[in-house]
Amino acid sequence: GQTTLKSPQDIQVYAVNTNFTLRWNYTGNDTDVTFSAEYRFDDYELSVMEWKEVPGCQNVTRTECDFSSAITKYEDKHHLRIRAERREEVSSWSNIFEMIPCFIAQIGPPGVELQSTNGAIKIKISSPEANQDQKIWINDLIFSYNLVIWENSSNAEVRSQRIVPIQIIDDLAPNTTYCLKVQAIIPSEPEGLFSPIHCVKTTRKVNDLLCATNLSIVALNMEFHLHWNNQHKQHVRYNVQYLLAYLKTLYDDHSVKWLNVPGCENITDTQCNFSSVITTVSWIYLRVQAVGEHNKSCLSKELKVDPLRANEIGPPGIKLDISDALLHIQISPPGESQSETMRHHYDLSYRVLYWKNSSNNEEGIQMKETKQTIGTVSNLTASTLYCVKVQAFSEAYNKSSRFSKEECIKTPGDKILPLIVLATFVSALAVVLLVAALLGFALYQAYHKIKYVFFPSCQPPLNIEGFGVQVFISPYLSTTEEQIENCFIIESNITEEGNQNDFKDYKHSKQSSRDSGNYSNDSNSGSKVSEETLEKGIV
């Protein structure tokens, strides 16, 4: 039926941690009006979402109610609506209000406990959701804490600093009242609510001369040294102790978790190398325990160490070489054994300065920046001394090293003259080889001619060689031709005397014919036959 009741308006939800409060406005002038709320949340397993009554928000007379018990799924979208009621009469439902609990919830105030001790204040913090069964923030370790502290006096200076769950605040005036409040913070989330203000009065601080003071760090290329001052004039032994920083983010007592640095136990020096406990990704805390006579001990103030920020970058190493008209620069990252760590974590770049070194003056300094460990410089001048120095730097950490030691190298001279000399030498060598080849060829030909003339390889016929008693003369030598007498054998009846005379004449003719060399194979064969016939006739 019809009703005169108005619907509630301006629905809002206020959430602190897991505490949810629903608020609204009602503009009607009706009396004896109550309000009831319903909700539903997105459930993808159900095709139809049913409205349910909100526990704690039924028939309430105020314009707000606590519905924390109704919220169990903090990452799901919830829908809310409210209506006004008076006996059997009800108004229409309000506009639907949508919200996701974890998005609108605000970080609540943390718990704070204070203790005044030896001029300092020890603060112990508990998380905003400590001792709660339902938690919207899954892990207490995600919280960090911001402290605001001031002296309880007029015109006091307010200072703020990040603290851990168990923190000692020193450097305070003795016998002075300080007030403070603490706020829990989650990165990328709205800032949380501050705790109630707590005040405490400091005590008088006892200055123990046994304690080490003025702790400081000297670090170069990931080699870390701790230095401190000794106030005690008598014999004192020291133990350097460290604590991993993450242990301080825990809410339990970390005082028993300090460890001694290896090599820094029972030492009498006021310095120690603690590189062995350094990891590049983990912060640590350091302190020095001084032990005097009768085993009396005193702990120094703690020193927080961020390795990558505390470390200083040393100068890199360089090597120079020249080839193909280029100056090659080879860069060695800072730190010998730790060079890989330095290059990886600092993302090092290099600033290269080079110049012509003439008359001990740096002329025309030029600069190049590179991330590579090998660089080149072109357009060099011949016979010129070039000098180079390199600086390493890290943009991420805003750190830079000192420049390396200057290295110099001289470029080779002009190559035209050596080429001319080389060409001249090659040409002369070619001429000498050509002349030697021609001379060798001439001697070779002369040698074969002489051997062919005086020592022929072919032998004269057997009918010539050894005939008679005269020395053989080469038939190829030109000699004066002699008149050859033509002799004939007359085969007739002759007297023995006549035959003998004729045979002598024949032999004379044969000798002459041999000397002259004018013979032929036919005449030779004919002579031989005649000679045999003649000898037979004589016999």
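Residues numbered from 1 in each chain as written. Predicted model: local features only at pLDDT ≥ 70, side-chain atom pairs only at ≥ 80, totals over all residues. Heavy atoms only, no water.

- Looking at an unreviewed UniProt entry, one finds the protein named INAR1 protein, with Centropus bengalensis as its source organism.

## Re the packing of aromatic side chains
We describe a pair of aromatic rings using the distance from one ring centre to the other and the angle between the two ring planes.
1) Next: One pass over the full model with this rule turns up nine aromatic pairs.
2) Next: Between W24 and F35, the ring centres sit 5.6 Å apart and the planes meet at 65°, which makes this aromatic pair edge-to-face. Taken as a pair, W24 in strand β2 (residues 19-25) and F35 in strand β3 (residues 34-41) lie far apart in primary sequence, eleven residues in all.
3) Next: You can call W24 buried: its relative accessible area is 4%.
4) Next: We classify F35 as buried; its relative accessible area is 4%.
5) Next: It is K248 that lies over the ring of Y285; its NZ or CZ is 4.0 Å from the centre. (Phe/Tyr/Trp six-rings, centres within 6.5 Å; stacked < 30°, edge-to-face > 60°. Helix = DSSP H or I, 4+ residues; strand = E, 2+ residues; numbered from the N terminus. Buried < 20%, exposed > 50% of the residue type's maximum accessible area, 1.4 Å probe, protein only. Lys NZ or Arg CZ within 6 Å of the ring centre and 35° of its normal.)

## Overview of the sheet that holds strand β18 (residues 223-230)
1) Next: One open sheet holds the three strands; their spatial order is β17-β18-β21, and the pairing between them is antiparallel. Each edge of the open sheet carries a strand with a single partner, namely β17 (212-220) and β21 (271-273). Looking at each pair of strands side by side, their axes are set apart by 20° on average, direction ignored.
2) Next: Inspection of the sheet shows β18 paired to β21 by three bridges, in the antiparallel sense. When the bridges of β21 are listed, H225 appears paired with N273. (Pairing = 2+ DSSP bridges. Axes fitted to C-alpha atoms, helices over the stretch in contact; angles between N-to-C directions.)

## Quick notes on the nonpolar core
1) Next: Of all hydrophobic cores here, the largest spans 48 residues; its most connected members are L22, F67 and L80.
2) Next: Listed by contribution, the elements that provide at least two residues to this core are β1 (9-16), β2, β3, β6 (78-86), β8 (97-99), β11 (120-126), β12 (144-151) and β15 (177-185).
3) Next: If you count residues domain by domain, this core takes at least three from each of domain 1 (9-103) and domain 2 (111-202).
4) Next: The contact partners of L22, leaving out residues within four places of it in the chain, are I11, Q12, V13, A37, T63, E64, C65, F67, L80 and I82.
5) Next: Within the second largest apolar cluster, 46 residues are counted, among which are V240, A290, V352 and Y354. (Core = buried A, V, L, I, M, F, W, Y, C linked by side-chain atoms within 4.5 Å. Domains from an automatic or database assignment. Contact = heavy atoms within 4.5 Å.)

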